[in-house]
Amino acid sequence: MLPEQADILWTFTTIIFTLFSLFAFINVIQNCRERAGTNTVLWGSVFGAGFIINLLLTNHMFDLTQQEQLGFISWQVLAVFLTLLTWGVFFKSENIENQSPPLIRAAFFYTTISILLAGYTNWLPQQRSDPPPKATIPTGGVESMDAYTEMGRVIVFGSAPPVAGQKSIGKGQCPLCHTFDPGDNIGRCPNLFGVEERSHTRIKEDRYLNEPIKIGEVDGATGIVKGKPDEVPEEYRRADASELTGEDYLRESLMCPSCYVVKGYGKAGDTKSPMPVISKPPISLSKFELNSVIAWLQSKDTPGEFASVTIPLPTGGEEAPPADTGGGDVEPPTFVTGSEPIDVMINTLGCPLCHTIPGIEGAVGELGPKLHEKINAPNRIKDPNYKGKAKTGRDYVKESILNPNAYIVFNEEAGEPFPEGVMPQDFANKLSVNALDKLVDFISNTQPEG
Ligand code: HEC
Ligand code: HEC
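Thresholds, definitions, all that
- Residues numbered from 1 in each chain as written.
- Chains lettered and ligands numbered in written order.
- Predicted model: local features only at pLDDT ≥ 70, side-chain atom pairs only at ≥ 80, totals over all residues.
- Near = placed C-beta within 6 Å.
- Helix = DSSP H or I, 4+ residues; strand = E, 2+ residues; numbered from the N terminus.
- Core = buried A, V, L, I, M, F, W, Y, C linked by C-beta atoms within 7 Å.
- Buried ≥ 20, exposed ≤ 12 C-beta atoms within 10 Å, placed from the backbone.
- Contact = placed C-beta atoms within 7 Å.
- Axes fitted to C-alpha atoms, helices over the stretch in contact; angles between N-to-C directions.
- Parallel < 35°, antiparallel > 145°, perpendicular 65-115°, else oblique.
- Left-handed = near helix turned anticlockwise from the far one by under 90°.
- Nonpolar A, V, L, I, M, F, W, Y, C, P; charged D, E, K, R; others polar.

1. Digging into the site of ligand 2
Then step 1. The local shell around ligand 2 holds 30 residues, among which Cys351, Cys354, Gly368, Phe418 and Met423 are the closest.
Then step 2. Put simply, the parts of the chain that give the shell around ligand 2 at least two residues each are helix H12 (373-382), helix H13 (393-402) and helix H14 (433-444).

2. Observations concerning the nonpolar core
Then step 1. Counting 61 residues, the largest nonpolar core has Val293, Ile294, Leu297, Leu431 and Leu439 as the members making the most contacts within it.
Then step 2. Elements with a minimum of two residues in this core: helix H5 (145-157), helix H8 (246-255), helix H9 (287-299), helix H11 (342-349), H13 and H14.
Then step 3. Non-local contacts of Leu431, meaning those with residues more than four positions away in its chain, are made with Val336, Leu436 and Leu439.
Then step 4. In this structure, Leu57, Leu64, Val77 and Phe90 belong to the second largest nonpolar core, which totals 18 residues.

3. Considerations on the packing of H8 against H9
Then step 1. Packing of H8 against H9 brings their axes to within 10 Å, and their N-to-C directions diverge by 125 degrees. What the angle tells us is that H8 and H9 run oblique. Crossing geometry of H8 relative to H9 is assigned as right-handed. Of H9, the residues touching H8 (which contributes Glu247, Leu250, Arg251 and Leu254) are Leu290, Ile294 and Leu297.
Then step 2. When its residues are assigned to classes, the contact of H8 with H9 shows five nonpolar, no polar and two charged.

4. Some thoughts on the site of ligand 1
Then step 1. The immediate surroundings of ligand 1 are formed by 30 residues, with Gly172, Cys174, Cys177, Ser273 and Met275 found nearest.
Then step 2. Looking at the shell around ligand 1, the elements that each hand over two or more residues are helix H6 (195-202) and H8.
Then step 3. Counted by class, the shell around ligand 1 contains 21 nonpolar, six polar and three charged residues.

Read these as spatial facts, not as claims about activity.
See below:
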């Protein structure tokens with residue numbers, strides 16, 4: 001079933017349930033009116049309460065992910081079942097059970113079956129509809145390289161275990177673009193397997209020495225001096241930085257992506273990197289965080305073995321770990337409900353790392369098309385190569401978010417299509433129905449500024 005079909009099914013079912021309990025309420029009131037001696041207030045409030053509960057449950061359904069809805073619907077089935085049961089008690093107590101409409105008997109039959117089924121599927125191993133357990137990472141001074149590189153790993157992948165169908169991702173956002181296992185290539189960003197080894201050879205290549213800027217020249221976008229570890233801004237500089245090392249290459253890759261652009265992965269003839277500056281907003285890693293990521297990069301290909309790590313362990317007193325990586329509970333997986341302001345929503349989802357989005361401050365990503373969808377979307381569906389299902393611009397935008405590979409945009413500037421498979425395929429799991437609506441509304445109206 002497509003995510004959208006699941007949406008429609010749950011939305012439909014949940015609304016039907018509420019209407020059904022409203023029907024029960026009206027029916028009971030009518031029956032009470034027709035007969036003297038029934039306790040209208042008592043029965044009215046019982047069934048009124050049933051209706052309100054169902055209304056609240058329905059309302060809550062709209063704030064959930066599809067997976068959560070799947071788990072939650074069984075509560076509503078239970079609520080309807082109880083309504084039916086009480087309805088039966090009502091008919092019986094008034095001695096009018098022979099007047100209960102056939103509809104009710106049928107509904108009773110089907111809900112009983114649903115309950116049995118829901119009970120059975122709940123009894124099967126759980127598909128995870130509850131939030132993942134929170135993990136903790138160590139606080140205070142860091143005692144071992146193991147713990148330190150683990151912090152780096154958590155910044156890259158997050159602390160939550162992966163959710164079905166969703167890549168796990170941390171504050172550093174790296175897995176939005178990069179892969180890490182041998183042979184796992186998704187296109188326009190280098191696979192970071194073996195990057196430790198590469199870091200030592202890169203700095204000796206002619207290409208590194210001269211392109212796109214020479215060693216000692218300043219990168220316009222970040223103000224970083226290329227290949228000069230002793231001129232890295234003081235807050236990020238390593239102690240007694242003199243000679244250029246592999247560690248410095250990695251730090252520079254993160255703080256000044258355009259100082260060196262891996263061949264074939266850049267824009268404008270490989271002179272400009274589409275990678276965000278990791279030490280600046282929106283990602284803004286501190287020195288402590290950035291160093292732990294470098295330590296992780298240096299050791300990730302040799303599990304349990306830290307000989308290649310050149311970053312020293314931070315000694316407790318020298319700098320305190322920042323609050324959000326240092327202590328206690330760690331963030332649950334990315335999810336937006338739709339109650340957030342639109343810019344918070346878009347930043348949480350990471351769209352600005354790849355897209356330039358008019359109206360969203362700092363959204364200057366370059367890996368995907370500029371989002372000018374008020375103009376682009378209607379044109380895309382007119383393209384003879386368009387094979388997707390959208391009939392309107394709004395549908396097209398929704399399709400692009402839920403199923404990015406339905407149509408691959410052609411990059412006019414580069415004269416080739418944008419890479420397929422780079423845009424994450426799992427946004428359906430990160431958005432409530434409500435949030436998706438809001439996002440689609442906003443994106444379908446984006447257009448060039450001015
Ligand atoms: C928006 C996509 C994007 C994100 C997010 C991103 N990168 Fe990159 N990264 C790239 C691209 C594209 C390149 C290749 C161009 C270049 O050399 O800058 C690259 C290059 C690199 C390189 C150099 C690789 C080599 O073979 O020399 C390293 C190291 C790196 N990234 C690490 C990271 C880490 C660590 C993170 C997370 C903290 C991250 N990147 C986040 C897109 C991204
Ligand atoms: C890792 C990079 C990346 C991220 C993150 C990303 N996208 Fe994309 N997006 C792309 C690429 C590359 C394309 C072009 C290839 C294609 O058509 O699938 C694209 C295409 C699109 C299109 C079609 C544009 C057009 O003009 O036809 C839309 C709309 C879109 N993205 C919206 C979003 C939204 C909204 C988000 C955040 C929820 C997002 N993207 C996150 C890389 C990304």
